[in-house]
Structures are given as structure tokens and as C-alpha cells.
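# Understanding the architecture of this molecule
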Amino acid sequence: MSKKILLSSKEIHIILHRLACQLIENHTNFENTALIGIQPRGTYLAERLVSILENDYHIPNVKLGLLDITFYRDDFRRRETPLQANKTKINFIVENKNVVFIDDVLFSGRSIRAALTAIQSFGRPSEIELLVLIDRRFSRHLPIQPDYSGSQVDVFNEEKVSVHWEEKDGKDAVYIINN
């Protein structure tokens, strides 16, 4: 197994600020916008972006939710080991809100399809956008594209993109792993 660094901590820091600025351009004061981190790995990216928006760009009260899609996945019963569910934490109604789904890696599009189904339990958003740190462009199984992407990478299907967050893994980095 070989591991190659795709993004360093410094590069991730720059990308996160760029993504925050793009969100500000499109949502100004976030009054009618909610950021929804897709559990589990989109949580770290969503929380980091909210921190940047509030602390560095002084945008108060950015709505943040965390959405568990475990039981909405189409491969839920096809795995050898059962998936571990996470908690959904959305303490607001998404009805008529602009929702931005946030995930670390966009691969096949199946997680986003599951998120589109799961969010309906919380109302009908007026618009849904997608923000990802890494877009694996040529790996889609579904016609889903990000509105915001930190970096695009072209890798073979047997290669894995692994995002490490300081909060969970001890440092920020993105790796391409060959098995």
C-alpha cells in the first residue's frame, strides 16, 4: 500500500478560506441559508467552514446541521459489516431555505443521493447546493456535480482519497492511497 500526499495542511487552509469566500459571494449574510454536514466525514469540513465564516469573516449565527444518511444509502444492506449510524442534528426547519450540503469527498454521488432523500424529513428547501473538499471527477455513478469544490482529482477507481482532519486524525492532509 502506498500513500501520496495530495494536499498539505497549508493548502487545505487556503482552500477552506476560498470556499468560505465563495459561500459569502452567493449567500451574503446567510439569513436564509443552512449548511448541512453529511455524517460522518462532512462534519469536520462543515464545522471548520462555520468557524471560518463566524470568526474570520464575522458572519453571525450561521445555521449548521449534521445529517446522518446511513439508512438512506442504497448499499446499506449490501455490506459485510453493518454500517454504524450517526446522529442527525438539525435543530431548524429547512423549509424554503437555501441548503448547502457539505461532504469531504464526492466519489460516486450515492451519498449525496441519500442526503437528498434524508433532508426531506426536515422540510422542502427552496434550493440545494453541494460543497466538497475533493471532487473525484470521473468516478460518478449518478449525475451529481458540486457547486463548490476545493480540489479536483483524477484517480483510478481502486485508489482511495483519504481526508485527514486535525480534530480527528491529528493533522490536516489529503492522501491518495493505492492498495
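Above this text is the structure in question.
The notes below deal with the structure included here. (Residues numbered from 1 in each chain as written. Predicted model: local features only at pLDDT ≥ 70, side-chain atom pairs only at ≥ 80, totals over all residues. Heavy atoms only, no water.)

## Section: the nonpolar core
Stated formally: Buried residues of nine kinds, namely Ala, Val, Leu, Ile, Met, Phe, Trp, Tyr and Cys, make up a nonpolar core once their side-chain atoms join them within 4.5 Å. Exposure is judged per residue with a 1.4 Å probe applied to protein chains only, and the accessible area is read against the type maximum: over 50% gives exposed, under 20% gives buried, and values in between give partly exposed. Helix numbering and strand numbering both begin at the N terminus, where a helix is a DSSP run of H or I of at least 4 residues and a strand a DSSP run of E of at least 2.
Ranked by size, the top nonpolar core spans 32 residues in total, and within it Leu23, Leu35, Leu49, Leu131, Leu133 and Ile134 carry the most contacts. Ranked by residue count, the leading element in this core is helix α2 (residues 42–56), at 7 residues. Counting residues in each nonpolar core, the second largest holds 19 residues, with Ile69, Ala115, Ile119 and Leu130 among its members.

## So, the sheet that holds strand β7 (residues 159–164)
Put simply, the rule is: Between any two strands, at least two bridges found by DSSP are needed for them to pair. With axes taken as lines fitted to C-alpha atoms, and helix axes fitted only over the stretch in contact, angles between N-to-C directions fall between 0 and 180 degrees. Contact criterion: two residues are considered in contact whenever any of their non-hydrogen atoms come within 4.5 Å of each other.
Taken together, the 3 strands give an open sheet; going across it, the order is β1-β8-β7, and neighbouring strands pair in antiparallel fashion. At either end of the open sheet lies a strand with only one pairing partner, and these are β1 (2–7) and β7. Each strand of the sheet is rotated relative to its neighbour by a mean of 30°, with strand direction disregarded. Judged from the 6 bridges that link them, β7 and strand β8 (residues 173–178) form a sheet pairing that is antiparallel. Along β8, the bridge assignment pairs valine 163 with valine 174. Sitting on the sheet, helix α1 (residues 9–27) is in contact with β1 and β8, with an inclination near 40° to β1.

## Comments concerning the packing of α1 against α2
Helices that pack against each other are described as a pair by the angle of their axes relative to one another and the distance between those axes. Rules: Reported orientations rely on four angle classes, namely roughly parallel under 35 degrees, roughly antiparallel over 145, roughly perpendicular from 65 to 115, and oblique for the rest. For any pair of crossing helices, the crossing counts as left-handed if the nearer helix is rotated counterclockwise from the farther one by less than a right angle, and right-handed if it is rotated clockwise.
One can describe the packing of α1 onto α2 by two numbers: an axis separation of 10 Å at closest approach and a directional angle of 70°. Relative to α2, α1 is oriented roughly perpendicular. As for the relative orientation of α1 and α2, their crossing is right-handed in sense. When α1 is examined against α2, the residues Leu16, His17, Leu19, Ala20, Leu23 and Ile24 are found in contact with a partner set consisting of Leu45, Arg48, Leu49, Ile52, Leu53 and Asp56.

## Topic: the side chain of lysine 97
The condition that has to hold: Within this scheme the basic residues Lys and Arg register as positive and the acidic residues Asp and Glu register as negative, but His and the chain ends are omitted. Salt bridge criterion: a side-chain nitrogen from Lys or Arg within 4 Å of a carboxyl oxygen from Asp or Glu.
Here lysine 97 is to be found in the loop between β3 (63–67) and β4 (98–106). The side chain of lysine 97 sits in the buried core without any salt bridge; glutamate 31 is the nearest counter-charge, 9.1 Å away. Excluding residues within four positions of it along the chain, lysine 97 makes contact with Asn32, Lys63, Pro125, Ser126 and Glu127.

## Notes on the pattern of salt bridges
Here the structure, examined in full by the defined rule, presents 6 salt bridges. Between aspartate 169 and arginine 41 there is a salt bridge, and its shortest N-O distance comes to 3.3 Å. Of this pair, aspartate 169 sits in helix α4 (residues 166–169) while arginine 41 sits in the loop between β2 (33–38) and α2, and the two are 128 residues apart along the sequence. You can call aspartate 169 partly exposed: its relative accessible area is 33%. Note on arginine 41: relative accessible area 21%, which makes it partly exposed. Between arginine 48 and glutamate 167 there is a salt bridge whose closest N-O contact spans 2.9 Å. Residue arginine 48 is located in helix α2, and its partner glutamate 167 is located in helix α4; the two are separated by 119 residues in the primary sequence. Under the relative-accessibility criterion, arginine 48 is labelled buried at 16%.

## Side note on unusual backbone geometry
Cis geometry is found at the peptide bond from glutamine 39 to proline 40, where omega equals 0°. With respect to the element layout, proline 40 can be found in the loop between β2 and α2. A positive phi is found at phenylalanine 30, a non-glycine position, where the angle reads about 65°. Within the secondary structure layout, phenylalanine 30 lies in the loop between α1 and β2. Taking the relative accessible area as the measure of exposure, phenylalanine 30 reaches 1% and is therefore buried. Despite not being glycine, asparagine 61 shows a phi value in the positive range, around 55°. Mapped onto the fold, asparagine 61 is located in the loop between α2 and β3.

Nothing here speaks to function; it is geometry throughout.
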